2 protein chains.
Amino acid sequence: MPNDPSPLQFWFDFASTYSYVAALRVEDACAARGVPLVYKPFLLGPIFSELLGIKDSPFNTQPVRGRYMWRDLERLCAKYRLPWRKPSVFPRNSVLAARAALGRDGAFVRAVFRANFAEDRDIADPGVMAALGGDVAPSPEVKAALRANVDEARRLGLFGAPCFVAGGEIFFGQDRLEDAIEWACGNAPLSRSKE
Amino acid sequence: MPNDPSPLQFWFDFASTYSYVAALRVEDACAARGVPLVYKPFLLGPIFSELLGIKDSPFNTQPVRGRYMWRDLERLCAKYRLPWRKPSVFPRNSVLAARAALGRDGAFVRAVFRANFAEDRDIADPGVMAALGGDVAPSPEVKAALRANVDEARRLGLFGAPCFVAGGEIFFGQDRLEDAIEWACGNAPLSRSKE
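Residues numbered from 1 in each chain as written. Chains lettered and ligands numbered in written order. Predicted model: local features only at pLDDT ≥ 70, side-chain atom pairs only at ≥ 80, totals over all residues. Heavy atoms only, no water.

Report on the overall build of chain A, specifying residues and quantitative values.
A count of helical and extended segments in chain A gives ten helices and four strands. Radius of gyration (C-alpha) of chain A: 17 Å, near the 16 Å computed for a compact globule of 195 residues. By principal-axis analysis of the C-alpha atoms, chain A measures approximately 50 × 40 × 35 Å. Buried residues in chain A amount to 51% of all 195 residues. Put simply, 73% of the contacts in chain A that link residues at least 6 apart link residues at least 24 apart. A gap of 4 Å separates the mean positions of the 25 positive and 23 negative side-chain charges of chain A. (Helix = DSSP H or I, 4+ residues; strand = E, 2+ residues; numbered from the N terminus. Rg over C-alpha atoms; globule rule 2.2 N^0.38 Å. Buried < 20%, exposed > 50% of the residue type's maximum accessible area, 1.4 Å probe, protein only. Contact = heavy atoms within 4.5 Å. Lys, Arg positive; Asp, Glu negative; His and termini not counted. Charge placed at Lys NZ, Arg CZ, Asp CG, Glu CD.)

This is the structure in structure tokens:
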């Protein structure tokens, strides 16, 4: 008899364009297969800083990658019928949004992502976050919880976003959502061989 | 009436692990949809050198990415039922193989990729290449043709491998093969809107 699906952790940064596409797809995709979904906001900033020695997005420091990414986002949003407006500032500081998202549901996560990538609103602005229903006066506990997520991401070996983690396996990139779900369901060849 | 599919260019480096997965999938995938396939061997070395200032694979210079990639390759080869043996040397120098592949067919391309990633043979060794049926005494014209491919890759804005180019659009990564084929067939939303 098949086991219940493993939970799928969705690791994302509100500044990340490919995280936006994933965020608008992940909940329906998990629900369709009965996979429990866990939202894990984190920050790429400290990870890129340690790994690449940069204080910016690689899509800015490597313009050839940036040009590809912006075109790819248009195509992906058309493919998945998602709203899209290229943000006038990239990347936006996502610390306030990530703190506000801790313990919140998918509807809040999607609203913040849409603000950044469909409405070109500044998610680093406390007024914008408050209008979205976010807590803009995070407690020390909330700040510590976000730091703990970043530490956990580092321990897991995450080096970008989005990532999906299911059954101890990492899948990097929004285009691997389906592979992660198959893994969570025990339908991938190597996941089956573990049983 | 729908137009004929556009040709799909498959840009690959014989040293690239994800190019291996793509190389073993691309011909069947194109044939199934009537998409003409054009093999475009090139070299990532000069591109990484210019773009990233490194003389090695990013999977070696960033071990956290390398650990992910090696596990991901196991999973992908299991998913697509491809043979896989982690090569004892990575990346292998692919200049000899890339020159030998110019003007050759998919069977030769796949044989060289299998030698590197399923049989752990040194494709930089002229004896190995000769045994695979490759010309190991390239003419000045052949050398120039490979340089021209690298120049074209640079002009296109390719920054990694594999890439698929169809109808003027670039798709980076073996996991985007299906998207590239839809584009070549005019079935992607933005490709339709061009008509």
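Any chance you could break down the pattern of salt bridges for me, citing the residues and the numbers?
For the structure shown, the criterion picks out 32 salt bridges over all chains. For A:Arg75, the salt bridge is made with B:Glu169, and the minimal N-O distance between the two is 2.8 Å. Taken together, the residues span two chains, with A:Arg75 in helix α4 (residues 63-79) and B:Glu169 in strand β4 (residues 169-172). Note on accessibility: A:Arg75 and B:Glu169 belong to one class, buried. Salt-bridge contacts for A:Arg176 lead to B:Asp72; the nearest nitrogen and oxygen are separated by 2.8 Å. With A:Arg176 in the loop between β4 (169-172) and α9 (177-184) and B:Asp72 in helix α4 (residues 63-79), the pair connects residues from two separate chains. Classification of B:Asp72 by relative accessible area gives buried; the value is 1%. (Salt bridge = Lys/Arg side-chain N within 4 Å of Asp/Glu carboxyl O.)

Just give me the short version of the sheet that holds strand β3 (residues 163-166) of chain B, but keep the residues and values in it.
All names here are of chain B. Strand order in the open sheet formed by four strands is β2-β1-β3-β4, with mixed pairing between adjacent strands. Edge strands, defined here as strands with exactly one partner in the open sheet, are β2 (37-41) and β4. Direction aside, neighbouring strands of the sheet carry axes that sit 20° apart on average. Sheet topology places strand β1 (residues 8-12) next to β2; five bridges connect them, and they run parallel. (Pairing = 2+ DSSP bridges. Axes fitted to C-alpha atoms, helices over the stretch in contact; angles between N-to-C directions.)

Describe the relation of the copies chain B and chain A, listing the residues and the values that go with them.
Least-squares fitting of chain B to chain A yields an RMSD of 0.0 Å, with the superposition described by an axial translation of 0.0 Å and a rotation of 180°. Accordingly, the operation relating the two chain copies is best matched by a two-fold axis. Judged by C-alpha distance, B:Asp175 is the residue of chain B that lies nearest the rotation axis, at 3.5 Å. When the interface residues of chain B are mapped onto chain A, 100% of them again fall at the interface, so both copies present the same face. (Least-squares fit on C-alpha atoms with pLDDT ≥ 70 in both.)

Requested: an account of the side chain of B:Ser191, with residues and values cited.
All names here are of chain B. Here Ser191 is to be found in helix α10 (residues 189-193). Within polar-contact distance, the side chain of Ser191 engages the backbone oxygen of Ala188 at 2.7 Å. Dropping the residues within four chain positions of it, Ser191 is found in contact with Glu182, Trp183 and Gly186. (Polar contact = N/O pair within 3.5 Å; in protein donor to acceptor, adjacent residues only side chain to side chain.)

Please set out helix α8 (residues 140-156) of chain A residue by residue, giving values where relevant.
Residue and element names in this part refer to chain A. An ideal rise of 1.5 Å per residue puts 24 Å on 17 residues; α8 measures up with 24 Å between its terminal C-alpha atoms. Residues of α8 that are buried include every one of Leu146, Asn149, Val150 and Ala153, and no others. One face of α8 carries all of its buried residues, which in axial projection span an arc of 95°. With respect to the buried face of α8, the exposed residues turned more than 90 degrees away are Pro140, Glu141, Arg147 and Arg155. Positive backbone phi, at 90°, marks Gly157, one or two positions downstream of α8. (Expected span 1.5 Å × (residues − 1). Arc of directions from axis to C-beta.)

How would you sum up the interface of chain B and chain A? Please name residues and give values.
Residue-level contacts link 25 residues of chain B with 25 residues of chain A. In this assembly, chain B packs against chain A so that about 2,500 Å² is buried in total across both faces, 57% of it on carbon and sulfur atoms. Among the residues chain B hides against chain A, the three largest losses belong to B:Tyr68, B:Arg75 and B:Phe159. Together they make up 23% of the total. Counting across the chain B and chain A interface gives eight salt bridges. The interface formed by chain B and chain A includes twelve residue pairs in polar contact (both at pLDDT 80 or more). (Buried area = accessible area lost by both parts, 1.4 Å probe.)

Can you tell me about the packing of aromatic side chains, naming the residues and giving the values?
The full count for this structure, using the stated rule, is 39 aromatic pairs over all chains. Note on A:Phe10 and A:Tyr39: the rings are 6.0 Å apart at their centroids and 75° apart in plane angle, and the pair reads as edge-to-face. Note that A:Phe10 is positioned in strand β1 (residues 8-12) and A:Tyr39 in strand β2 (residues 37-41), a separation of 29 residues in sequence. A relative accessible area of 0% means that A:Phe10 is categorised as buried. Where B:Phe12 meets B:Tyr39, the ring centres are 6.2 Å apart and the plane angle is 85°; that geometry is what we call edge-to-face. Within this pair, whereas B:Phe12 is found in strand β1, its partner B:Tyr39 is found in strand β2, the two being separated by 27 residues in sequence. B:Tyr39 shares its class with B:Phe12; the two are buried. (Phe/Tyr/Trp six-rings, centres within 6.5 Å; stacked < 30°, edge-to-face > 60°.)

Any chance you could break down helix α1 (residues 17-33) of chain B for me, citing the residues and the numbers?
Residues and elements named next belong to chain B. In this model α1 runs 25 Å from its N-terminal to its C-terminal C-alpha over 17 residues, within 8% of the 24 Å that 1.5 Å per residue would give. Most pronounced at Arg25, the bend in α1 amounts to some 40°. Taken as a whole, α1 has its buried residues at Thr17, Tyr18, Ser19, Tyr20, Val21, Ala22, Ala23, Leu24, Arg25, Val26 and Cys30. Immediately beyond the C-terminal end of α1, within one or two residues, lies Gly34, with a positive phi of roughly 70°. (Bend = angle between axes of the 7 residues up to and from the residue.)

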